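Report on the structure
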Amino acid sequence: MKYFLGKVYIGLFVWLTCSNLYAQTYTFQSIVADSVTKEPLVGVAIRLNTKTGTTTNSQGKFTLSFGSLPQTIQLAYIGYFKNTFVITASTLKTDTLFLRPETVELNQVVVSAARQEQKLEEVTQSMEIIRPQFLVNTQTNQVQEIMEKLPGIQVNKDQVTIRGGSGFSYGAGSRVLILLDEMPMLSADASDAKWSYYPIENLGQIEVLKGAASALYGSSALEGLISLNTAGAADTSFTQIKTFGGYYDFNSRQKAAMPGQYYKAGISAAHRRRIGQVQLITAANLYTDRGYRLGDTDSLIRGNLKLIYTPKFNDKLSISFSINGMNNRGKDFLFFTHADSSYKPFNGTTSDFSNSRWHGDINIKYYASERSKHILRGRYFSTINNMNPQQSSTGNLFFSEYQYQHILVNSGSIRTAITSGISNIYSQTISGILYGNHTGNNTAGYFQVDQKIGRLTISQGTRLEVNKMDTFALSVFPVHRTGINLQATKSTFIRASYGQGFRYPSVAERFAQTQAGGLRIFPNRTLKPENGYSAEIGVKQLFLLKKLKGYVDISGFTSSYENMIEYVFGLYTPAGAVPSLDHLGFAAQNIARTKIHGAEISTALTQRIGQAEITFFGGYTYILPLDDKFKNKDTSEWLKYLTFRRQHLVRGNADITYKRIGLGVYTYYNSSIKNLDIFFLELLGGLKKDNYWQTYSEGIVSDVRLSFKAARLLDVSLFCKNIFNKEYMEVPGNTNPPRNFTVQLTAQF
């Protein structure tokens, strides 16, 4: 009997042990990140089998549990190649999995169009996306350099305009809003973009929204917006060190006027990593440029740091702090003295400058549930412009915002989401002669509903904004936008949108009083806010044919503005004074009404041929910019158009990669300026001769890149910009750089 019971006990022990072993549970926890930027990806679909799966959370993390090894999981995310990973005993502790981005990304995710994630093809307005690799491929040092390569975008001496919505305003005011990490980044005094300031080294995705966006973003989003988004950090660290050096290759006529060596050089470093519950994102940049004209130099030093903290006890909460600072010194070239010597400045128009800028941010996000999110943001932005006593100023801007997002319905093919919020901007300008001292306050509330019903997406939003500057009368602007997007077939998307917009005059436009050479700027304290609308209808066709994939986008657009602010040449005599030539110059004026119509076609595609990959994106934009006050008058043809606009824009960008070798060709064409202030024709010698101002404002400029992966971590690139050495004016009296060569070394690990 004892022998029998002993055998029973032994058998029971073995059975329990085997049962415990068999019932052992394995847990696999990891992060999914972009293989290029190492940025965590939110919402990646993880599939363990046909019944088990999950998605990555706001930090790119996911967790799976299973009872045996090995296990095979599949990772899928729009805009990335699918990946399969086998979990074994040796890979169970893998902390980061990577997805490789597609070169031409179908079904890309964007945020700025509706302030929450949505597929690019479901957006109701035209939109362009720039990925970080394109910045490297084009040797981009400042954000505006990449804008000129996008369909419908034009750069006039560092001033970006979308589809002809702006001319040239001498650095005062912008109808294109710049966002950095979803907060406005325009200066308090001139309300302009400081392109050299934006930390390009750690940018993730850049989004360009075309058309009025004031309903969600307020003043300055009259033409659209450019959203710059800092990349996040993954468990696997990311480090990139980039250095370059180049020189300007003048033609024989230019060399005679420009003795000596004219070069540019720079070095930058970016680093992103996780340290426990903290994401560390930092970068630094040193840059110097001796210029390609007399009295035109530039040097800067810039650094930034961002920390994102997610408490271990609550991964629904995210708190980020960031700080960015820059000092920029040099000489500014305004315009040339004569067309025959376009590299010599007009007497009295060059000036030394020393600018310091810095900002500090705080951003708190709390995911109350899978459907609700609270966001609290704040920013302080300071600009200190030290030039001569007549042109110096200090601007301080304080921005704060609370935003609430909630998914009301998410069932089957129906999804309804709301975005609401309130924001406040307080600005302070301190300047002696140039502007005087001024304060302003802007308070707004907004509400948007985005609804998806099967293949139909509907977006509607409204905003009420109240603005006050000094003792001026209170300005109140309600605006509305609506848009629809219909997925007509599996790969065809038809969209239509209408959006109202507005912009308050900047301090510079109202109060600037200065002089450079023969150019005088006068104040206009009676300026009114400008307002209007833009509308668009378009279709996006995706295609995937074996190894060829991409899209074609066709759109027609129109916009109309009341009280549009433009600088107008005239006689501005102060009250009680005797008119004289000293009162001739420019002042910002409200012109009655403007209308801009146009059409655009753009495309992006990629083709694999063996081990080679070919990519292309570009487009053509036609613009008809009309000034209504000349509509029915018997006047010269060119006076019917708004100043500084061009009618035809063509963009083409091609990259070829074969094994370790890369080749890129980047070309843009701008037709001639349709209208020009008569002041420039009279002041600047040679502009009228043989229609120089029209001939040389038209141009096709091509850049070429040849790169070689010298080692696993090192790329060597040779750039030739303006390879055909085209002499071309962006604005009157301001020629673009001549042919220049640059060597760039990029180490990434």
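Residues numbered from 1 in each chain as written. Predicted model: local features only at pLDDT ≥ 70, side-chain atom pairs only at ≥ 80, totals over all residues. Heavy atoms only, no water.

Comments concerning the overall build of the protein chain
- Assigned secondary structure in the protein chain consists of eight helices and 44 strands.
- Expressed as lengths along the three principal axes of its C-alpha atoms, the size of the protein chain is roughly 130 × 55 × 50 Å.
- Buried residues in the protein chain amount to 54% of all 749 residues.
- For the protein chain, the exposed surface amounts to about 31600 Å²; the carbon and sulfur share of it is 59%. (Helix = DSSP H or I, 4+ residues; strand = E, 2+ residues; numbered from the N terminus. Buried < 20%, exposed > 50% of the residue type's maximum accessible area, 1.4 Å probe, protein only. Areas by Shrake-Rupley, 256 points an atom, 1.4 Å probe, with all protein chains shown as cover.)

Here's the deal with a nonpolar patch on the surface
- There is a patch of nonpolar side chains on the surface, built from Ile609, Ile614, Ile656, Ile661, Leu663, Val665, Leu706, Phe708, Leu718, Val743 and Leu745 and spanning about 870 Å² of accessible area.
- Those elements that provide at least two residues to the nonpolar patch are β39 (661–670), β40 (699–711) and β44 (740–748).
- By residue number, the principal contributor to the nonpolar patch is β39, which donates three residues.
- Looking at the element boundaries, Phe708 is found in strand β40.
- The partly exposed category is assigned to Phe708, whose relative accessible area is 40%. (Patch = residues over 30% accessible without salt bridge, like charges linked within 9 Å, V, L, I, M, F, W, Y side chains within 5 Å. Salt bridge = Lys/Arg side-chain N within 4 Å of Asp/Glu carboxyl O.)

Digging into the nonpolar core
- Counting residues in each nonpolar core, the largest one holds 54 residues, and the members touching the most others are Met147, Ile178, Tyr198, Ile226 and Leu228.
- Broken down by element, this core gets its largest block of residues, five residues, from strand β13 (residues 176–180).
- Not counting residues within four places of it along the chain, the set of residues in contact with Leu228 comprises Val143, Ile178, Leu179, Leu180, Asp181, Tyr198, Leu203, Gln205 and Ile206.
- Among the nonpolar cores identified, the runner-up in size contains 36 residues, and Ala508, Phe511, Ala588 and Met729 belong to it. (Core = buried A, V, L, I, M, F, W, Y, C linked by side-chain atoms within 4.5 Å. Contact = heavy atoms within 4.5 Å.)

Focus on unusual backbone geometry
- That bond from Leu69 to Pro70 is cis: its omega, 0°, falls within 30 degrees of zero.
- Structurally, the position occupied by Pro70 is in the loop between β4 (61–66) and β5 (71–76).
- Here Lys157, not a glycine, exhibits a phi torsion of approximately 45°, which is positive.
- When you line up the elements, Lys157 lands in the loop between β11 (153–156) and β12 (159–162).
- Accessibility expressed as a relative area gives 22% for Lys157, which makes it partly exposed.
- With a phi angle near 60°, Asn563 is a residue other than glycine that sits in the positive phi range.
- Mapped onto the elements, Asn563 comes out in strand β35 (residues 548–571).

Focus on the pattern of salt bridges
- Taken as a whole and assessed by the stated rule, the structure comprises 31 salt bridges.
- The salt bridge involving Arg739 is made with Asp249; its shortest N-O contact spans 2.9 Å. Note that Arg739 is positioned in the loop between β43 (734–735) and β44 and Asp249 in the loop between β17 (238–248) and α5 (252–257), a separation of 490 residues in sequence.
- By relative accessible area, which is 23% here, Arg739 ends up partly exposed.

Overview of the sheet that holds β5
- Spatially, the four strands line up as an open sheet ordered β3-β2-β5-β6, and their pairing is antiparallel. Both outer strands of the open sheet, β3 (53–55) and β6 (83–87), are each paired with one neighbouring strand and no more. Neighbour-to-neighbour, the strand axes of the sheet open up by a mean angle of 20°, direction not taken into account.
- Summarising the sheet, strand β2 (residues 45–47) and β5 pair through three bridges and their orientation is antiparallel. Of the residues in β5, the one forming a bridge with Ala45 is Ala76. (Pairing = 2+ DSSP bridges. Axes fitted to C-alpha atoms, helices over the stretch in contact; angles between N-to-C directions.)

Overview of the sheet that holds strand β10 (residues 127–130)
- Across the sheet, five strands lie side by side as β10-β15-β16-β13-β14; this open sheet has mixed pairing. Looking at which strands have only one partner, the edges of the open sheet turn out to be β10 and β14 (183–184).
- The pairing of strand β15 (residues 203–210) with strand β16 (residues 224–230) spans six bridges and is antiparallel. By the bridge assignment, Leu209 is partnered in β16 with Leu225.

Structural notes on the environment of Tyr622
- Mapped onto the elements of the fold, Tyr622 is located in strand β37 (residues 612–627).
- Measuring from C-alpha to C-alpha, the distance between Tyr622 and Glu600 comes to 6.3 Å, with 22 residues separating the pair along the chain.
- Here Gln647 takes part through its side chain, which lies 3.1 Å from a polar atom of the side chain of Tyr622. (Polar contact = N/O pair within 3.5 Å; in protein donor to acceptor, adjacent residues only side chain to side chain.)

Some points on the environment of Thr239
- Summarising the element assignment, Thr239 is placed in strand β17.
- Spatially, the C-alpha atoms of Thr239 and Thr282 are 9.8 Å apart, while their sequence positions differ by 43 residues.
- Within the structure, the side chain of Thr239 is placed 2.7 Å from the side chain of His271, a separation counted as a polar contact.

Some remarks on the environment of Arg455
- Of note, Arg455 is situated in the loop between β28 (438–453) and β29 (456–469).
- A relative accessible area of 44% means that Arg455 is categorised as partly exposed.
- As a C-alpha pair, Arg455 and Thr383 span 72 residues in sequence and 47 Å in three-dimensional space.
- Arg455 has contacts with Asn485, Leu486, Gln487, Ala488, Thr489 and Lys490, leaving out every residue within four places of it along the chain.
- From its side chain, Arg455 meets the backbone oxygen of Ala488 in a polar contact 3.4 Å long.

Some thoughts on the confidence of the model for the protein chain
- Per-residue confidence for the protein chain gives a mean pLDDT of 86, with 92% of residues at or over 70.
- Note on residues 1–5: pLDDT under 50 across the span, and zero contacts to partners over four residues away in sequence or across chains.
- The low-confidence segment residues 12–22 (pLDDT under 50) makes one contact with residues lying over four places distant or belonging to another chain. (pLDDT = per-residue confidence, 0-100.)

Quick look at the packing of aromatic side chains
- For the structure on display, the rule yields 25 aromatic pairs.
- Between the aromatic rings of Tyr692 and Tyr696, the centroid separation amounts to 4.2 Å while the plane-to-plane angle is 20°, which identifies the pairing as stacked.
- On the basis of relative accessible area, Tyr696 is assigned to the partly exposed category, the value being 30%.
- Put simply, the rings of Tyr248, Phe250, Tyr262, Tyr292 and Tyr343 touch in pairs and so form one group of aromatic residues.
- Looking at Arg290, its charged tip hangs above the ring of Tyr262, at a distance of 4.9 Å from the centre.
- Across the ring face of Tyr641, the terminal group of Lys674 is positioned such that the distance to the ring centre comes to 4.6 Å. (Phe/Tyr/Trp six-rings, centres within 6.5 Å; stacked < 30°, edge-to-face > 60°. Lys NZ or Arg CZ within 6 Å of the ring centre and 35° of its normal.)

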